[in-house]
Amino acid sequence: MDKYDVLIIGSGPAGLTAAIYTARADLKTAVIAGSVPGGQLTWTTEVENFPGFSDGIMGPELMQNMEKQAKRFGANFINAEVSSVNLGNVPFSVTTPDSVYSARSIIIATGASARWLGVEGEEKLKGKGISACATCDGFFFKGKDVIVVGGGDSAMEEATFLTKFANSVTVVHRDAELNASKVMQKRAIDNPKISIIFNSEIVKFNGEEKLESVTLKNRSTNANEEKNIDGVFVAIGHTPNTELFKDQIELGKGGYIVAKNETETSVVGVYVAGDVSDFKYRQAITAAGAGCKAAIDVERYLD
Ligand code: NDP
């Protein structure tokens, strides 16, 4: 069994920043990279809001740089998916299909996955007009017409944010009423650039090289209509990747890991960082900051 001071589960900005800090603090560190090494940023194209890159940087390149930086300080990378964890005894153990690893502490940085609609054309046109993050991609839609799908707080927030860039924002919601908080609904409804189509859903994305239109189905009449559009932001929620921990760690609303004092989970010695416990900010830079905090807290705990 390979023994570590700290095992970091997840290799997005939270996990890799934690690894840079713990490895540099001379703690024997391993990162178990998971099914999407690099995390959500590997799906994006250009990242323009990560400080320090004045001309922007491609998401995959940013993650490769972070990995290189962590390796420079001696972090070990394990390219595997975790199949189970045992947080009941110290040292904790983490099992992958090929090995079992043990560690005195763990940082969970497994992130969250955006929910998608799962309809025809979506997979092909992701990043070519379809996005799940207005903060990341809104800037590319200056003067364009966009749709935001969803009726919750995320959809209202994304729609309102997008009005800074877009010519028009149409919220498409499948029900007759929004379920966002009243204050966020009002902000969106009062915005002259935002209109709302109720009882409708996107059943198809159309376009070859880039998104050109969507097919909307009216759920009351069952009638289909094609609507030309430059961009669609899917804002129907995120699912935190907490399946592995659900019987061993306290989870809160929506399945997110409950963090006490910013990084502590309900198990002493197990820390958390990034989108797996943060439904509010969900940015690469906030995840990286959280990874740094978790690493510093692990150092102090192990001391
Ligand atoms: P929610 O789960 O609250 O809302 C999801 C929305 O998407 C609902 O309107 C839902 O409609 C709709 N939806 C779900 N699946 C589909 C589908 N397949 N097709 C079409 N529509 C669909 O997620 P949010 O991300 O909005 O919010 C998550 C949490 O984060 C909440 O607790 C929220 O308050 C919080 N949040 C807080 C913010 C803030 O305080 N600034 C900002 C953003 C989020 P239906 O009701 O029909 O299922």
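A quick note: this is a predicted structure, and the numbers were derived from the prediction, not measured.

1. Things to note about the domain arrangement of the protein
Turning to step 1, where the next piece is worked out: When the domains of the protein are assigned, the result is domain 1 (2–113 + 238–302) and domain 2 (116–234).
Turning to step 2, where the next piece is worked out: On a C-alpha basis, the centroid separation for the pair domain 1 and domain 2 is 31 Å.
Turning to step 3, where the next piece is worked out: Listed by partner, the interface residues are five residues for domain 1 and four residues for domain 2.
Turning to step 4, where the next piece is worked out: Between domain 1 and domain 2 lies a buried interface of about 550 Å² when both sides are counted; carbon and sulfur atoms form 40% of it.

2. A word on the state of the cysteines
Turning to step 1, where the next piece is worked out: Under the defined criterion, the tally for this structure stands at one disulfide.
Turning to step 2, where the next piece is worked out: Two residues share a disulfide in this structure: Cys-133 and Cys-136, whose sulfurs sit 2.1 Å from each other. Every disulfide takes its handedness from the sign of the S-S torsion; for Cys-133 and Cys-136 that torsion is 75°, giving right-handed.
Turning to step 3, where the next piece is worked out: Take Cys-136: its relative accessible area is 28%, and that puts it in the partly exposed class.

3. Concerning the environment of Leu-117
Turning to step 1, where the next piece is worked out: With respect to the helices, strands and loops of the structure, Leu-117 is situated in the loop between β9 (112–114) and α3 (122–125).
Turning to step 2, where the next piece is worked out: For Leu-117, a relative accessible area of 27% corresponds to the partly exposed category.
Turning to step 3, where the next piece is worked out: Between the alpha carbons of Leu-117 and Glu-201 there is a distance of 9.4 Å; along the sequence they are 84 residues apart.
Turning to step 4, where the next piece is worked out: Non-local contacts of Leu-117, meaning those with residues more than four positions away in its chain, are made with Glu-122, Val-149, Ile-202, Phe-205, Val-234 and Ile-236.

4. Looking at the packing of helix α1 (residues 13–24) against helix α2 (residues 59–72)
Turning to step 1, where the next piece is worked out: Relative orientation of the contacting elements α1 and α2 amounts to 20°, with a least axis distance of 8 Å. What the angle tells us is that α1 and α2 run roughly parallel. The chirality of how α1 crosses α2 is left-handed. Taken together, the residues of α2 that come into contact with α1 (itself represented by Pro-13, Leu-16, Thr-17, Ala-19, Ile-20 and Ala-23) are Met-63, Met-66, Glu-67, Gln-69 and Ala-70.
Turning to step 2, where the next piece is worked out: Here the contact of α1 with α2 is built from residues that sort into eight nonpolar, two polar and one charged.

5. Looking at the sheet that holds strand β15 (residues 213–218)
Turning to step 1, where the next piece is worked out: Spatially, three strands are ordered β14-β15-β16 in an open sheet, and the strand pairing comes out antiparallel. At either margin of the open sheet sits one strand with a lone partner, and together these are β14 (200–206) and β16 (224–228). With direction set aside, neighbouring strand axes in the sheet form an average angle of 30°.
Turning to step 2, where the next piece is worked out: One ladder, built from five bridges, connects β15 with β16; its direction is antiparallel. Within the sheet, the bridge partner assigned to Lys-217 lies in β16 and is Asn-224.

Thresholds applied
Residues numbered from 1 in each chain as written. Predicted model: local features only at pLDDT ≥ 70, side-chain atom pairs only at ≥ 80, totals over all residues. Heavy atoms only, no water. Domains from an automatic or database assignment. Contact = heavy atoms within 4.5 Å. Buried area = accessible area lost by both parts, 1.4 Å probe. Disulfide = S-S within 2.5 Å. Buried < 20%, exposed > 50% of the residue type's maximum accessible area, 1.4 Å probe, protein only. Helix = DSSP H or I, 4+ residues; strand = E, 2+ residues; numbered from the N terminus. Axes fitted to C-alpha atoms, helices over the stretch in contact; angles between N-to-C directions. Parallel < 35°, antiparallel > 145°, perpendicular 65-115°, else oblique. Left-handed = near helix turned anticlockwise from the far one by under 90°. Nonpolar A, V, L, I, M, F, W, Y, C, P; charged D, E, K, R; others polar. Pairing = 2+ DSSP bridges.

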